Amino acid sequence: MHLSDSISEIQTLLLDWFDINGRHWIPWKLNANGTLAKPGETISPYGIWIAEVMLQQTQLPVVLPYWQNWMRNFPTLNDLAKSEEKYILLQWQGLGYYSRAKRIFQSSKILIDLIGKNHIFDISSWPIEVSQWMLLPGVGRTTAGSIISSAFDLPAPILDGNVKRILSRLIASDEINMKAQQKLWELSLLLLSEERPRDFNQALMDLGNKVCTPNQPCCTSCPLQSFCVAYINYNPLNFPKKEMKKIISPQEIGIGLVFNKSGELLIDQRLENSSMGGMWEFPGGKKMPSESIEETIVRELKEEVGISVRVGIKLLSFEHAYTHKKFHFTAHLCEWTSGQPKPLASQQLLWVSPEKLVDFPFPAANAKIISELHKHLCNGKKNFKSTIINSY
Ligand code: SF4
């Protein structure tokens, strides 16, 4: 049996499953009264847009508290557009992929231009075309489709990780090229319910989250099992096909924690056009193959901030993984011996007391170092300076 012959049956089975098993509590999918929106009803696109960008690369349980905090701090598009980048990055701290926060900030101004300042509270003035949403930096077809279907209940297809997995299994797609991707987009559109596009897209995402999971699909309780070629003829775990990944050992990073005589720490702000641009960090960098980590710290601090240091005790070392890379960080306390700090590879440098570090947006890896520093301070080592001096 071909899927296109069974579209309405698939829609009914999936929507019936969703009505009973769907995640009906997701806060940005609720209407102004806090209840599940009915077919055809509109929901504020602002909160949905923020959630959809947060959900790129990040799981829903992680996003939830960030979204709630965001909506408290920037309840409307106007509040967001009037804010400052530093404050926005601070709210994003810990969520990773900080360029998303910067793009949201840029997009807030583009959206205001698109909608018109006086109309942003009128939902009918917001863009309803996929192509209009894709004008915003960082908004691709899936994000745009999800915003439009969720907010306006319009039939825009999506192809996020969950949907891709279900559709690949449904047709047992064994290709991994662009043509295969295009085929999945066509299938996502073909199956989409015209009557309940919001619920249908959400049903696919919920099925992928609860039933058709990556490693343990529960096919016996799946509403689509009688149409699923991977279940009927093959092993669903073999779909979607994946490209072979190379195993890469983590990159070693040396970090220097330099204190001045007042017990303040040296921090620098990353260049705007670099990854995590605008965020703050402790100076340091990549270890060369021939160096010890202490030599890396001495060299990096000379190159990055123009100072000479003597490397003292190790505060901590840990691994931190980003999507494509793994890093192994080692942070040492350092004694500043000569030279005046200069921002040779950053926007600016600051001396900040350890207690004030929380006022600056740091990437997650640096946040681990800050937490360790605070632990030392709280554990009775009130005069942290003496700890440092004793360490040499
Ligand atoms: Fe996924 Fe199994 Fe359902 Fe197929 S039958 S869609 S593999 S859960």
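Refer to the structure printed above.
My aim in this report is to walk through the structure given alongside it, one point at a time. The numbering scheme is per chain: residues are counted from 1 as the chain's sequence reads. With the structure being a predicted model, the display of local features is reserved for residues of pLDDT at least 70 and the display and counting of side-chain atom pairs for 80 or more, all residues being used for whole-chain, interface and lining totals. Only hydrogens and water are set aside; all other atoms, that is, all heavy atoms of the structure, feed into the side-chain values.

Segments assigned H or I by DSSP are reported as helices when at least four residues long, segments assigned E as strands when at least two residues long, and all are numbered from the N terminus. Residue position: Asp206 is located in helix H11 (residues 197–210). Burial here depends on accessible area, computed with a 1.4 Å probe over protein chains only, as a share of the maximum for the residue type. Under 20% is buried, over 50% is exposed, and the range in between is partly exposed. Judged by its relative accessible area of 0%, Asp206 is buried. N or O atoms closer than or at 3.5 Å make up a polar contact, with two conditions inside protein: a donor-capable atom paired with an acceptor-capable one, and, for residues adjacent in sequence, both atoms drawn from side chains. A distance of 2.8 Å separates the side chain of Asp206 from the side chain of Gln202, its partner in a polar contact.

Our next topic: the site of the ligand. The ligand sits among Arg169, Val211, Cys212, Cys219, Cys222, Gln225, Cys228, Tyr231 and Pro236. Each residue belonging to the shell around the ligand can be placed in one class, and the counts come to seven nonpolar, one polar and one charged. Any residue with a non-hydrogen atom lying within 4 Å of a molecule or strand is treated as near it. Any residue that is not Ala, Val, Leu, Ile, Met, Phe, Trp, Tyr, Cys, Pro, Asp, Glu, Lys or Arg is counted as polar, Gly included; the first ten are nonpolar and the last four charged.

Below, the discussion takes up the environment of Ile115. In this fold, Ile115 is placed in helix H6 (residues 99–115). Classification of Ile115 by relative accessible area gives buried; the value is 7%. Distance from Ile115 to Pro127, taken between C-alpha atoms, is 7.4 Å for residues twelve residues apart in sequence. Not counting residues up to four positions away in its chain, the partners in contact with Ile115 are Leu77, Ile120, Ser125, Trp126 and Pro127. Any two residues whose heavy atoms approach within 4.5 Å at even a single point are treated as in contact.

Moving on, we get to the packing of helix H1 (residues 7–21) against H11. Angles shown run from 0 to 180 degrees and are taken between the N-to-C directions of axes, each axis being a line fitted to C-alpha atoms and, for helices, limited to the stretch in contact. With their axes 9 Å apart at the nearest point, H1 and H11 run at an angle of 70° to one another. By the angle between their directions, the pair H1 and H11 is classed as roughly perpendicular. Along its contact with H1, which presents Gln11, Leu14, Leu15, Trp17, Phe18 and Asn21, the element H11 presents Asp199, Phe200, Gln202, Ala203, Leu204, Asp206, Leu207 and Lys210. Grouping the amino acids of the contact of H1 with H11 by side-chain chemistry returns eight nonpolar, three polar and three charged. By definition in this entry, angles of less than 35 degrees are roughly parallel, angles greater than 145 are roughly antiparallel, angles of 65 to 115 are roughly perpendicular, and the rest are oblique.

At the junction of Phe239 and Pro240, the peptide bond is cis and its omega measures out at -5° in the coordinates. Tracing the sequence through the fold places Pro240 in the loop between helix H12 (229–233) and strand S1 (251–259). The residue Gln57 is not glycine, and still its phi comes out positive at about 75°. Secondary-structure assignment places Gln57 in the loop between helix H2 (45–54) and helix H3 (60–73). For Gln57, a relative accessible area of 58% corresponds to the exposed category. Residue Tyr97 is not a glycine yet carries a positive backbone phi of 45°. Within the secondary structure, Tyr97 is located in the loop between helix H5 (85–92) and H6. Note on Tyr97: relative accessible area 31%, which makes it partly exposed.

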